[in-house]
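# Analysis of the macromolecular model
In case you want the letters, here they are:
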Amino acid sequence: MATKATSADPPSADAANASNGSAQAAHLVNDKCIAEHASGLPLNLEGIRTLSFGDDAPDELRELEHASGLHVFSAGYDVYALPKHHMPRRGMPAAVAAQGITDLRQLDHNPRLNMASFVTTWMEPEVTALMQDCLNVNIVDMDEYPSTTDIHNRCVSMLAQLYHCPTPLDKAVGSGTVGSSEAIMLAGLAMKKKWQARRKAAGLPADKPNMVMSYAVQVCWEKFCRYWDVAEAYVPVEEGRYGITPELARQKIDENTIGARVCL
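Residues numbered from 1 in each chain as written. Predicted model: local features only at pLDDT ≥ 70, side-chain atom pairs only at ≥ 80, totals over all residues. Heavy atoms only, no water.

## Some words on the side chain of R241
With respect to the element layout, R241 can be found in the loop between β4 (231-235) and α7 (246-252). Judged by relative accessible area, R241 falls into the buried class, the value being 18%. Here P236 takes part through its backbone oxygen, which lies 2.8 Å from a polar atom of the side chain of R241. Not counting the four nearest positions on each side in its chain, R241 is found in contact with V235, P236 and L248. (Helix = DSSP H or I, 4+ residues; strand = E, 2+ residues; numbered from the N terminus. Buried < 20%, exposed > 50% of the residue type's maximum accessible area, 1.4 Å probe, protein only. Polar contact = N/O pair within 3.5 Å; in protein donor to acceptor, adjacent residues only side chain to side chain. Contact = heavy atoms within 4.5 Å.)

Next comes the structure, spelled out in structure tokens:
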């Protein structure tokens, strides 16, 4: 004998599946709308052709650009050919952009295993937190950030003391840089300018500067010489000696030498 289902009866499996299917379909439709909004073109899930990215999306889809709960990998953005060399006409959700950059970087080397270049492979989490906290500080604006400027000047004084600078430590002049390459450019240029000033004051020509360095020198010093018209005076390396010595440096130094590049 058939029984009549009541409101207290649990839903049947078919009803539950239908409900789940409807919810999933609604979610996919929402993700599809977000993807279409970013490109302004209908979503092509079959991959028949590569869709270009950039045409304006319909007005009714614009509010989806910053929709919460976006499923990055199901939104369909990978269907579109994102521009590599020009700005798109429409934006995309931050989560999608961040995931795209993260995925692209998967092919990069692991920095902790990089022993071939001058990089910081690890530092204390407190340092990372301080750097994050200072990302929006423009150190060039010294009037706006006096405490940051004072910290910078104290670091300059510490380096001046390390290198036995004859200037009083609180009067030492220096500049913080983004990295060693920029520091090399500024330091080398300072050496060249000081050499030129001495030569001109003595009434001597100042058009043929050179710098003494080892053949194993960091490549940025070679770039400096080429950028600022300084001749390289190389000290060759040999088996068992891969650096420069004072005796070998003296053999290369002449009246046109602006400085010698060494490792301490």
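## Describing the packing of helix α5 (residues 180-201) against helix α6 (residues 219-227)
Helix packing geometry: the angle between the two helix axes and the distance between the axes. At their nearest, the axes of α5 and α6 sit 9 Å apart, and the two run at 45° to each other. Judged by the angle between their axes, α5 and α6 are oblique. You can see that α5 and α6 cross each other, and the crossing is right-handed. Touching S181, I184, M185, G188, L189 and M191 of α5 are C220, W221, K223, F224 and Y227, all from α6. Residues that form the contact of α5 with α6 fall into these classes: eight nonpolar, two polar and one charged. (Axes fitted to C-alpha atoms, helices over the stretch in contact; angles between N-to-C directions. Parallel < 35°, antiparallel > 145°, perpendicular 65-115°, else oblique. Left-handed = near helix turned anticlockwise from the far one by under 90°. Nonpolar A, V, L, I, M, F, W, Y, C, P; charged D, E, K, R; others polar.)

## A few points about the nonpolar core
Residues M211, M213, W221, F224, C225, V230 and I258 are the most contacted members of the largest nonpolar core, which totals 14 residues. Listed by contribution, the elements that provide at least two residues to this core are α5, β3 (210-214) and α6. For this core, the element with the highest residue contribution is α6, accounting for four residues. With sequence-adjacent residues up to four places away left out, M211 is seen in contact with M191, W221, F224, C225, V230, A231, E232, A233, I258 and G259. (Core = buried A, V, L, I, M, F, W, Y, C linked by side-chain atoms within 4.5 Å.)

## Re the environment of A190
Tracing the sequence through the fold places A190 in helix α5. Through-space distance from the C-alpha of A190 to that of I258 is 9.4 Å; in sequence the pair is 68 residues apart.

## Here's the deal with the layout of surface pockets
Of the voids in this model, the largest pocket is the one considered here, and its volume is about 1500 Å³. Taken together, 31 residues line the largest pocket, and the ones lying closest to its centre are L159, Y163, A183, A187 and W221. Elements with a minimum of two residues in the lining of the largest pocket: α4 (146-162), α5 and β5 (257-260). No other element matches the nine residues that α5 contributes to the lining of the largest pocket. For the lining of the largest pocket, the per-class residue count stands at 20 nonpolar, eight polar and three charged. Considered as a void within the structure, the second largest pocket measures approximately 890 Å³ in volume. Lining the second largest pocket are 18 residues, and of these I139, T148, H152, G176 and T177 lie nearest its centre. Those elements that provide at least two residues to the lining of the second largest pocket are α3 (125-133) and α4. No other element matches the five residues that α4 contributes to the lining of the second largest pocket. (1 Å grid on protein atoms, 1.4 Å probe; cavity = no way out; pocket = protein on both sides within 12 Å on 5 of 7 lines; lining within 4 Å. Points joined across faces, edges and corners; volume = space filled by probe spheres on them.)

## Some words on the pattern of salt bridges
According to the stated counting rule, one finds three salt bridges in the structure shown. A salt bridge links D150 to R154, with the shortest nitrogen-to-oxygen separation between them at 3.8 Å. Residue D150 and its partner R154 are both found in helix α4; the two are separated by four residues, about one turn of the helix. Residue classification places D150 among the partly exposed positions, given a relative accessible area of 38%. (Salt bridge = Lys/Arg side-chain N within 4 Å of Asp/Glu carboxyl O.)

## Considerations on the state of the cysteines
Evaluation of the coordinates by the stated rule reveals zero disulfides. Cysteine C220 shares no disulfide, and the gap to the nearest cysteine sulfur, in C225, comes to 9.9 Å. Relative accessible area serves as the criterion here: at 4%, C220 is assigned to the buried category. (Disulfide = S-S within 2.5 Å.)

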